[in-house]
Every structure is written in C-alpha cells, then in structure tokens.
Amino acid sequence: MPSFDGLSVTALYLLPGAEYRSMLSIRPSERGDLRSVLNLLSLTGLPRSGVRSSFANFLIAEQDGSLVGCVGLELFGASAMLRSVAVHPSLQRRGIGSKLVAAAIALAESKGVDRIFLLTQSQADFFKRFGFREVNREEFDEPVRKSVLYSRSCPMSATGMRLRIGEGSQADPSQRYDSTNLSPPRGVLECGRHTKRTPSS
Ligand SMILES: CC(C)(COP(=O)(O)OP(=O)(O)OC[C@H]1O[C@@H](n2cnc3c(N)ncnc32)[C@H](O)[C@@H]1OP(=O)(O)O)[C@@H](O)C(=O)NCCC(=O)NCCS
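Because the structure is predicted, anything quoted here is derived from the model rather than measured.

(A) Quick look at the overall build of the protein chain. Across its full length, the protein chain carries 5 helices and 8 strands. Of the regular secondary structure in the protein chain, the N- to C-terminal order runs β-β-α-α-β-β-β-α-β-α-β-α-β. Taken across its 201 residues, the protein chain has 35% of its residues classed as buried. Partitioning the intrachain contacts of the protein chain with sequence separation of at least 6 by distance along the chain shows that 71% fall at a separation of at least 24.

Given below as structure tokens:
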C-alpha cells in the first residue's frame, strides 16, 4: 500500500524564458488553513458544510506561500467521498486541480479506500480524466450516502461519479505533466506549468 508521506512534495520549476521561479506544494491541511479553505469554497461556489468534520483529510495546494487550492476526502471505510476540489479562479487550468485530485486519490488508497465517489454539477469531464465514471446516485455505497454532500448539500441534478482504485491506471494523470525533468512515482507530485513571465518575456 502506498505511503502518503511521499506526497508532501515541493517542486521548484523554471520554464524556458521565464526568470520567475514558482514553488507549488501539496501538503496535508493544518488547522490554520480552515478559514482560507472556506473562503476558497465560497469563491468557487462549492458547499462548505461538512468541511470542519472532515478537515483532517483535506490537502492544500500552496504556491509561493499562498493557499491556492484544496481537496477533501470524507472517509467511510473502503469508500470515500471526494469533495471540495477547488483552485483559485485566477490559477485554474494550470494543472493544480489535477495534482490535487491525483494526491487525493493516492491519499485515499493509502487509507485503504478502493472506491471513491463524488458529486459534481459541471466538472464531470474534468474528473473523467482520472478514471471517474458517471453512476446513478443509487450506485453510491450505502456508507457514502451519509455524506452531507449526498444527503443535503448537492442538488439532485448533480452528476454522480465513481472511481474504482486500481481499475486501470487512470488514477495517475501525472504522467501528462512530464514536460519537466521530474518524473515522480505514482502519487508524488511533479511541477506544474504555472509560471509568471517577466515583463520582457
Ligand atoms: C475543477 C477545477 C478544480 C479544475 O482545476 P484546474 O486547476 O483548473 O484543472 P487543471 O488545470 O488541472 O486541468 C487539467 C486539465 O483538465 C482540463 N479541464 C479543467 N477543467 C475542465 C472541465 N471542467 N472540463 C473538461 N476539462 C477540464 C484542463 O483544460 C486541463 O486540460 P489540459 O491539460 O489538456 O490543458 C477548477 O476549475 C475549479 O476550482 N473549479 C471550480 C470549483 C469546482 O467546480 N470544483 C469541482 C467540484 S466537484
């Protein structure tokens, strides 16, 4: 079973032509992150209910000392609910969300989870990239239905999705981000594509 220890990885990267070094790390949440996470969820229109009780299983994306993204897991034995996948609007579509989801899948696996569920209103295509497949709400494992997201916060119109860990290798999309010379093993995060260009670049 993979260890989660290897996931708290920091990557330094420098794209050609850029003089700006940006540091992105994915790390476990700390109590002091709660307010920033709740603010980010508000900003991105995601439910905040149930965050406090599952905050021990949240991961934080931090860039240059700022919290720029988060993801959470609610654990129910061998099943889990993936929730609160959020990236600051100004930094979306730069690979951060993918790294968060990959890290959350690895975290779930390290906790003995073999089925991850989620509910999404508009991002089903994003999650398909990791091997999640659409399922009916009735196909959610019974314990997962206790999630506040399932029972209260997400509208019935939300799309249900399930990932069976170990089914295919889709859970590791990190190989798509091998444009740098870092090629970490499964679950370890490599650097992303975000950069700030200097005015002259
Ligand atoms: C969904 C979200 C977390 C994605 O994070 P992100 O950092 O923007 O995603 P990434 O940059 O890692 O995206 C990786 C790839 O998926 C693509 N992608 C991102 N969102 C997508 C979507 N909704 N549908 C299809 N593809 C998508 C990106 O274009 C990118 O493709 P590329 O590598 O070919 O360029 C982010 O858009 C967000 O915070 N949205 C608001 C909150 C939300 O709806 N969260 C989901 C809750 S269930």
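So that's the structure; there's more coming.
(B) Expanded view of the site of the ligand. For the ligand, the set of nearby residues contains 19 residues, the closest of which are Q92, G97, S98, D125 and F126. Mapped onto the shell around the ligand, the elements with two or more residues apiece are β5 (79-87), α3 (96-110), β6 (115-120) and α4 (124-128).

(C) Region of the structure containing α3. Taking 1.5 Å as the rise per residue, α3 with 15 residues should run 21 Å; its terminal C-alpha atoms sit 21 Å apart, in good agreement. α3 sits mainly inside the fold: 14 of its 15 residues count as buried. The positive-phi residue at the C-terminal boundary of α3 is G112, with phi of around 85°.

(D) Layout of the pairing of strand β3 (residues 58-63). Sheet analysis places strand β2 (residues 22-28) next to β3, joined by 5 bridges and oriented antiparallel. Paired with P28 across the strands is L59, a residue of β3. Note: β3 against strand β4 (residues 66-76), 6 bridges, orientation antiparallel. Looking at the pairing, Q63 lines up with S66 of β4. A loop of 2 residues connects β3 with β4, the two strands running antiparallel in sequence, and D64 in this loop sits at a positive phi of about 50°.

(E) Focus on the nonpolar core. Formed by 43 residues in total, the largest nonpolar core has its most connected members in L59, C70, L100, A104, I116 and L118. Mapped by element, the contributors of at least two residues to this core are β2, α1 (34-43), β3, β4, β5, α3, β6 and β8 (159-164). In terms of residues, this core owes the most to one element, α3, which gives 10 residues. Those residues within four positions of L59 in sequence are excluded, and the remaining contacts are I26, R27, P28, S29, C70, V71, L100, A103, A104 and L107.

(F) Expanded view of unusual backbone geometry. The backbone of S84 shows a phi angle near 55°, a positive value even though the residue is not glycine. Residue classification places S84 among the buried positions, given that 28 C-beta atoms sit within 10 Å. In the Ramachandran plot, R93 falls in the positive-phi region, its phi being about 65° despite a non-glycine side chain. Here R93 is to be found in the loop between β5 and α3. On the basis of neighbour counts, which here come to 10 C-beta atoms within 10 Å, the residue R93 falls in the exposed class.

Criteria and thresholds
Residues numbered from 1 in each chain as written. Predicted model: local features only at pLDDT ≥ 70, side-chain atom pairs only at ≥ 80, totals over all residues. Helix = DSSP H or I, 4+ residues; strand = E, 2+ residues; numbered from the N terminus. Buried ≥ 20, exposed ≤ 12 C-beta atoms within 10 Å, placed from the backbone. Contact = placed C-beta atoms within 7 Å. Near = placed C-beta within 6 Å. Expected span 1.5 Å × (residues − 1). Pairing = 2+ DSSP bridges. Core = buried A, V, L, I, M, F, W, Y, C linked by C-beta atoms within 7 Å.

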